[in-house]
Amino acid sequence: MLKIQRRVTPSVQIGSVLMGAAHPIVIQSMTNTPTADVSATVAQILELAAAGSELVRITVNDFDAMAAVPEIVERLADSGCSIPLVGDFHFNGHILLTRYPKAAAALGKYRINPGNVGKGSGREDNFADMIRVANEFGKPVRIGVNWGSLDQDLFTDLMDANARLSDPKSFKDVVYDAMVLSAVRNAELAQSLGLGKDRLVMSTKMSEVQDMIQVYQMLAAKTDCVLHLGLTEAGGGIKGVASSSAALAVLLQQGIGDTIRISLTPEPGVSRDVEVKTCRSLLQSMGFRYFMPSVTSCPGCGRTNSDKFVHLAKDVTEYIEKKMPEWRARYVGVEKVTVAVMGCVVNGPGESKYADIGISLPGSSEKPAIPVFQDGKLFKTLRGDDVKDQFITMLDRYIENRFSTQI
Ligand code: SF4
């Protein structure tokens, strides 16, 4: 049973999505299509939503992008998708939001980067314009500070003040201070302009794991607002997944974070929904949320007889993914089922007994008998060449029998 106490926060509602301490941690993603290309953007949003994204952020960088927003929302609705869209504004958000009220109303939330709102005397006016529109349409706002676009006026002031200290802080410590101060000051400014905490989300994204952990811990100590977590510019592939998971896991374990995005540089030809699947996998592996039965499988070693069990683990995982839409609709709680697919007698029976249903393939020099365990007990011993089909049939029956009373 998960015992992590999340930070107490207000609830923030974005369309039908609720975030905050009283709600599950929300998964977000972001498109990389030109927003003005309505067809491509709609297609990618649908793909991200199908993978489990609960909010999707879109770039709103010019007039064409802003003008496209209402049509994007309409086409999504025509496809039966009501996922809220977050408009990502930099430099000209005040102009776009005030000139395109229909688009401002169609978006579910606005992301404002305090480092990209403007400079000097115009800065506060631009910021106030965006908050005024958010208030007019009752939209939540994320004050999204990013290390790569930190408010340079604020940072310079802090660096100058630091230089005058008898014992100056390190450069990094001043960066952390500036990140947190930028988020807190702008959140206070938004509140002074009438934006309640029930419409306020904050983030302070950095690109190094330890920096991100440090700065979010500092931010969490300064505010009770809902926090959006993300390691920015995390990179791609294994590096991106590992570093994002490391950073987010530490903070989530400390109860910090109400919504997450894992920003991965896409691999050529690979769907962008990997970032959503990674978020799901992270939350499920930590026990925060459950999305589908999990498959425990060993890495295999010199004891493994062949790569038969590797294929079996893959086939069983893919089968579960394929069946989930049907199972989810029919069986409440099916996502918490655990399955084990193991390679030999060393850990195979133990893991298989611990899972709800598990199979332990014979390693080299073991007899060709394949025990299947259900609910901790030996259920059957399989033999023959069609083990995969036999086990998948048993998995189907196990799910059906366990949940059939719900039908
Ligand atoms: S269960 Fe057996 S095959 Fe799998 S890693 Fe352990 S010793 Fe190797």
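See the structure above.
Computed from a predicted model, the values in this text were never measured in an experiment.

Reading the values: rules and limits
Residues numbered from 1 in each chain as written. Predicted model: local features only at pLDDT ≥ 70, side-chain atom pairs only at ≥ 80, totals over all residues. Buried ≥ 20, exposed ≤ 12 C-beta atoms within 10 Å, placed from the backbone. Helix = DSSP H or I, 4+ residues; strand = E, 2+ residues; numbered from the N terminus. Pairing = 2+ DSSP bridges. Right-handed = clockwise from strand over helix to strand, strands pointing away. Axes fitted to C-alpha atoms, helices over the stretch in contact; angles between N-to-C directions. Core = buried A, V, L, I, M, F, W, Y, C linked by C-beta atoms within 7 Å. Contact = placed C-beta atoms within 7 Å. Expected span 1.5 Å × (residues − 1). Arc of directions from axis to C-beta.

(A) Local environment of the pairing of strand 9 (residues 226–229). The alternating pattern of strand 9 places Val226 and His228 on one face and Leu227 and Leu229 on the opposite face, and all of these are buried. Two elements, strand 8 (residues 200–205) and strand 9, share 2 bridges in a ladder whose sense is parallel. Bridging from a neighbouring strand, Val201 pairs with Val226 of strand 9. In this fold, strand 8 hands off to helix 8 (residues 209–222), which returns the chain to strand 9; that crossover is right-handed. Pairing geometry for strand 9 and strand 10 (residues 259–260), over 2 bridges, is parallel. Looking at the pairing, His228 lines up with Thr259 of strand 10. In the classification by handedness, the crossover that spans strand 9, the intervening helix 9 (residues 237–253) and the parallel strand 10 is right-handed.

(B) Region of the structure containing the pairing of strand 15 (residues 377–382). Within strand 15, only 0 of the 6 residues are buried, which leaves it mostly out in the open. Pairing analysis gives 5 bridges linking strand 14 (residues 370–374) to strand 15, with the strands arranged antiparallel. Paired with Phe373 across the bridge in strand 15 is Leu378. In sequence, strand 14 turns back onto strand 15 through a hairpin of 2 residues, with Asp375 there showing a positive phi of about 50°.

(C) Broad picture of the sheet that holds strand 11 (residues 294–297). Taken together, 5 strands build an open sheet; the order of strands is 11-12-13-14-15 and the sheet is mixed. In this open sheet, the two edge strands, each paired with only one partner strand, are strand 11 and strand 15. Adjacent strand axes in the sheet meet at a mean angle of 20°, parallel and antiparallel pairs treated alike. Here strand 11 runs beside strand 12 (residues 338–342); their pairing, made up of 4 bridges, is parallel. Pairing of Thr296 across the sheet is with Ala340, part of strand 12.

(D) Molecular detail of the nonpolar core. One finds Val56, Met130, Val141, Met179 and Met202 to be the most contacted residues of the largest nonpolar core, which totals 81 residues. With 9 residues, helix 7 (residues 171–192) is the single largest residue contributor to this core. Contacts of Met179, omitting those with residues within four sequence positions, involve Val145, Trp147, Leu150, Thr204 and Val215. Judged by nonpolar contacts, the second largest core, of 24 residues, contains Cys298, Met342, Ile357 and Val372.

(E) Seen up close, the sheet that holds strand 6 (residues 109–112). Pairing in this closed barrel of 8 strands is parallel, and the strands run 3-4-5-6-7-8-9-10 around the ring. Strand contacts of helix 5 (residues 121–137): strand 5 (85–89), strand 6 and strand 7 (141–146), with the helix running at about 165° to strand 6, the strand carrying the most contacts.

(F) Examining helix 1 (residues 38–51) more closely. In a regular helix each residue adds 1.5 Å, so 14 residues correspond to 20 Å; helix 1 covers 20 Å between its end C-alpha atoms and thus fits that length. Among the residues making up helix 1, those that are buried are Thr41, Val42, Gln44, Ile45, Leu48 and Ala49. Axial view of helix 1: buried residues confined to an arc of 165°, hence all on one face. Summarising the geometry of helix 1, the exposed residues directed more than 90 degrees from the buried face are Ser39 and Ala50. In this fold, the buried residues of helix 1 make contact with strand 3 (26–30), strand 4 (55–59), helix 2 (63–78) and helix 10 (274–285). One or two residues past the end of helix 1 sits Gly52, with phi positive at roughly 120°.

What is shown is where atoms sit, not what they do.
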